[in-house]
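Letter by letter, the chains look like this.
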Amino acid sequence: MGTPKKLVCDRCGNEVSNKYAIELLLEGAEAWQLSVIERDSMPRGLFPCENYRLCGGEMNPPKSKSLFSRGGNDE
Ligand SMILES: [Zn+2]
């Protein structure tokens, strides 16, 4: 799995599309997710939105349509 091209907040719609910013954020994502799990919660996204204190949102790659619209090649 490569680095997502874009990440979107699931609450306020804030977008991060800078490749280097995403890579930097992803480096800290694991530590953040572990800290959420330690609080007996489940992370919804890869890392918190930069407006997290206001929106409480978490960043995810945009929903991919390909999950739901596969070609007709299944056997
Ligand atoms: Zn947000």
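Along every chain, residues carry numbers that run from 1 in the direction the sequence is written. Under the rules for a predicted model, residues below a pLDDT of 70 receive no local features and side-chain atom pairs below 80 are neither given nor counted, while totals for whole chains, interfaces and linings still include all residues.

Caption draft 1: Representation of the overall build of the chain. Secondary structure counts use DSSP, requiring at least four H or I residues in a row for a helix and at least two E residues in a row for a strand, with both numbered from the N terminus. Tallying secondary structure elements over the chain gives 2 helices and 4 strands in all. The order of helices and strands in the chain, counted from the N terminus, is β-β-α-β-α-β. Exposure classes come from backbone-placed C-beta atoms, where a residue is buried if 20 or more other C-beta atoms lie within 10 Å of its own, exposed if 12 or fewer do, and partly exposed in between. Of all 75 residues assigned to the chain, the portion counted as buried reaches 15%. Taking the intrachain contacts of the chain between residues at least 6 apart in sequence as the baseline, contacts between residues at least 24 apart amount to 46%. The contact rule is simple: place each C-beta atom from the backbone, and if two of them lie within 7 Å, those residues are in contact.

Caption draft 2: View of helix H1 (residues 19-38). Look at H1: 29 Å from first C-alpha to last across 20 residues, which is about the 28 Å you get at 1.5 Å a residue. Within H1, the axis deviates most sharply at Ala29, by approximately 40°. Across the 20 residues that make up H1, only a small minority, 1, are buried. A positive phi of about 60° marks Asp40, the residue just after H1. A helix is expected to reach a length of 1.5 Å times the quantity of its residues less one. Working definition for bend: take the seven residues up to and ending at a residue and the seven starting at it, fit an axis to each, and measure the angle between the axes.

Caption draft 3: Just unusual backbone geometry, in detail. We note that Asp40 has phi near 60°; this positive angle belongs to a residue other than glycine. With respect to the secondary-structure elements, Asp40 resides in the loop between H1 and strand E3 (47-48). Overall, the presence of 6 C-beta atoms within 10 Å leaves Asp40 in the exposed class.

Caption draft 4: Quick look at the sheet that holds E3. Strand pairing is assigned whenever DSSP detects at least two bridges linking the two strands. The strand order across the open sheet built from 4 strands is E2-E1-E4-E3, with neighbouring strands paired in antiparallel fashion. Looking at the sheet topology across the chains shown, the edges are occupied by strand E2 (15-16) and E3. In this sheet, strand E4 (residues 58-60) lies alongside E3 in antiparallel orientation, the contact comprising 2 bridges. Across the sheet, residue Phe47 finds its bridge partner in E4, namely Met59.

Caption draft 5: Focus on the environment of Asn60. Relative to the assigned elements, Asn60 resides in strand E4. Residue classification places Asn60 among the partly exposed residues on the basis of 16 C-beta atoms within 10 Å. In sequence terms Asn60 and Gly45 are 15 residues apart; their C-alpha atoms lie 5.1 Å from each other. Setting aside chain neighbours within four positions, we find Asn60 in contact with Leu7, Val8, Asp10, Gly45 and Leu46.

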